[in-house]
Amino acid sequence: MTDQIRCAVLGLGRLGFFHAKHLVSEVRGAELAAVCDPMKGKAEACAKELGIAKWTENPNDLLEDEAIDAVIIVTPTSTHAEMITKAAENGKHIFVEKPLTLSLEESKEVMKKIEETGVICQVGFMRRFDPAYADAKRRIDAGEIGNPIYYKGFTRDQGAPPAEFIKHSGGLFIDCSIHDYDIARYLMNAEVTSVSGHGRILKHPFMEECGDVDQALTYLEFDSGAAGDVEASRNSPYGHDIRAEIIGTTGSILVGTLRKSHVTVLTQSGSSYEIIPDFQARFKDAYRLELEHFAECVKKGETPIVTDVDAAINLEIGIAATESFKTGRAVKLTPGASSYAGL
Ligand SMILES: NC(=O)c1ccc[n+]([C@@H]2O[C@H](COP(=O)([O-])OP(=O)(O)OC[C@H]3O[C@@H](n4cnc5c(N)ncnc54)[C@H](O)[C@@H]3O)[C@@H](O)[C@H]2O)c1
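Described in the following lines is the structure provided in the data block. Owing to the predicted nature of the structure, the values given are computational and were not obtained by experimental measurement. (Residues numbered from 1 in each chain as written. Predicted model: local features only at pLDDT ≥ 70, side-chain atom pairs only at ≥ 80, totals over all residues. Heavy atoms only, no water.)

**Some details on the overall build of the protein**
This is how it is decided: Labels follow the DSSP assignment, with helices taken as runs of H or I lasting at least four residues and strands as runs of E lasting at least two, numbered in each case from the N terminus. C-alpha atoms define the radius of gyration in this analysis, and the globule rule sets the expected value at 2.2 Å times the number of residues to the power 0.38. Exposure classes here rest on a 1.4 Å probe applied to the protein chains alone. A residue is buried below 20% of its type maximum, exposed above 50%, and partly exposed in between. Residue contacts are defined here by distance: any two heavy atoms, one from each residue, within 4.5 Å place the two residues in contact. Under the convention used here, a 1.4 Å probe and the Shrake-Rupley method define accessible areas, while residue burial counts only the protein chains that appear. Note that His is not counted, nor are the chain ends; the positive residues are Lys and Arg, and the negative ones are Asp and Glu. By convention, the charge on Lys lies at NZ, on Arg at CZ, on Asp at CG and on Glu at CD.
Counting its secondary structure elements, the protein contains twelve helices and 15 strands. The C-alpha atoms of the protein give 20 Å as radius of gyration, which agrees with the globular expectation for 343 residues (20 Å, within 12%). Dimensions along the principal axes, computed over C-alpha positions, put the protein at roughly 60 × 50 × 45 Å. Going through the 343 residues of the protein one by one, you find that 52% of them count as buried. Once local pairs closer than 6 in sequence are excluded, the contacts in the protein between residues at least 24 apart make up 71%. Accessible surface for the protein amounts to roughly 15,200 Å². Of this, 51% is attributable to carbon and sulfur atoms. Within the protein, one finds 37 positive and 51 negative side-chain charges whose respective centroids are separated by 3 Å.

**Comments concerning the site of the ligand**
Just so we agree on the cut-off: If a single non-hydrogen atom of a residue is within 4 Å of a molecule or strand, that residue counts as near it. Any N or O atom pair separated by 3.5 Å or less is treated as a polar contact, with the protein-specific requirement of one donor-capable and one acceptor-capable atom, and with residues adjacent in sequence counted only for side-chain atom pairs. In this count, Pro and Cys sit with the nonpolar residues alongside Ala, Val, Leu, Ile, Met, Phe, Trp and Tyr, while Asp, Glu, Lys and Arg are called charged and the others, Gly among them, polar. Domain limits in this description derive from either an automatic procedure or a database domain assignment.
Close contacts around the ligand come from 26 residues, with Arg14, Asp37, Lys42, Thr77 and Tyr287 the closest. Take Gly11: an N or O atom from its main chain is 3.5 Å from a nitrogen atom of the ligand. For the ligand, an oxygen atom lies 2.9 Å from a polar atom in the backbone of Lys98. In the complex, the protein chains occlude 87% of the 850 Å² of accessible area that the ligand would expose alone. Put simply, the parts of the chain that give the shell around the ligand at least two residues each are helix H4 (80–89) and helix H8 (172–188). Class assignment of the residues belonging to the shell around the ligand gives a composition of 13 nonpolar, seven polar and six charged. There are two domains that each give the shell around the ligand at least three residues, and those are domain 1 (5–126 + 286–306) and domain 2 (127–282 + 312–332).

**Details of the pairing of strand S7 (residues 148–156)**
Strand residues, when the strand is regular, have side chains that alternate between the two faces of the sheet. Operational definition: Two strands are counted as paired when DSSP detects at least two bridges linking them.
Looking at chain direction, S7 and strand S11 (residues 241–248) are connected through eight bridges and run antiparallel. Directly across from Thr155, in S11, lies its bridge partner Ile242. Note that S7 and strand S10 (residues 227–233) share seven bridges and pair parallel. Looking at S10, one finds that Tyr150 is bridged to Ala227.

**Concerning unusual backbone geometry**
The omega torsion across Lys98 and Pro99 is -15°, close enough to zero to call that bond cis. In this structure, Pro99 sits in the loop between strand S5 (93–96) and helix H5 (104–117). At Asn189, a position not held by glycine, the phi torsion is positive, near 50°. By the secondary structure assignment, Asn189 is in the loop between H8 and strand S8 (192–200).

**Topic: the pattern of salt bridges**
Should their charged atoms come close, side chains of opposite charge can pair. Our working rule: Note on definitions: salt bridges are taken to be side-chain nitrogens of Lys or Arg within 4 Å of carboxyl oxygens of Asp or Glu.
For the coordinates displayed, the defined rule picks out 29 salt bridges. In this structure, Asp241 and Arg156 form a salt bridge, with 3.6 Å as the shortest nitrogen-oxygen distance. A residue pair is termed long-range when its members are at least 10 positions apart, and Asp241 in strand S11 and Arg156 in strand S7 qualify at 85 residues. Its relative accessible area of 0% is what places Asp241 among the buried residues. In this structure, the salt-bridge partner of Arg185 is Asp182, at a minimum N-O distance of 3.7 Å. In this pair, Arg185 and Asp182 are both assigned in helix H8, three residues apart and thus about one turn of the helix distant. On the accessibility criterion, Arg185 (6% relative accessible area) is buried. Three or more residues are tied together by salt bridges with common partners; here these are Arg128, Asp182, Arg185, Glu191 and Asp310.

Structure follows, in structure tokens:
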């Protein structure tokens, strides 16, 4: 393997194009060798814009290409299981966006395939790489707030993605709150044992036909005795708002800010600053750092700090929250036992 991990990006939509652009110019240890998207003209246009020679509309061309070391899977979630399986069978290392798959059965199958083939798999829970969340993690682990006893997190999107995306996303708990489930487990150093999900459509009637909601709340209990709550919203009129608070026995840590930059404008009518508009702006550094970590792990043959196993646990929590929302009853989980009812 060369010094640079040769990556192919599969899926060039909202996030895939962003990852591809990052790989060309910002990610140390990796390079963009090829791009793929089945939508007519998309891969060709992306390759042209980014100065990449290799592009295709058929993912199999790259999954079977010996000149590719690793694939960055940014296709709709409903296609992840198939993409991961084919990539592992072809010996490609895998960076796949969250959620890992849409069902736990699929997750189990891809985890087995990853283990059998020995490829490295990292999943796109980028908050672990965000400098603010990473600093919170260091401080919690150093004991600065005592024992963490409550996690409060929210993820508010300025609007809803298109219906076509929502239909293949798994729903608000699985698509969106899953980021908070992951970072809560990571920061609290604990696993979830009980999940209650609540939700409603407040602003986007088309959610009804997608079987989804645009506002959700999850109450979590952890095996450490801690608890937490997670809000997800597609209804934030002011910007992309991602914040968290971790309360410990001797202090509390607040993560996140609304500020897009360090500029504050003062006039006779008051003071103002620009608010972060979207996830690409909020997590630019994290998206770069997670891919650098992936490249480093591939080079050294090491296990990433967020794997397919973490992703399956996060999915299990998301499925439990969805189930609880539908039945009105809390769902109990037994960490490490894939206990979700029905499996
Ligand atoms: N980590 C994050 O913060 C974050 C943010 C947004 C999206 N995501 C995840 O990224 C994935 C993609 O989301 P998106 O918003 O970019 O979706 P999108 O709908 O904007 O883009 C998906 C792209 O994949 C292409 N595609 C479909 N099938 C394909 C296939 N078989 N091979 C190659 N390309 C294929 C589509 O043509 C489309 O261009 C989802 O799993 C989503 O959950 C993660």
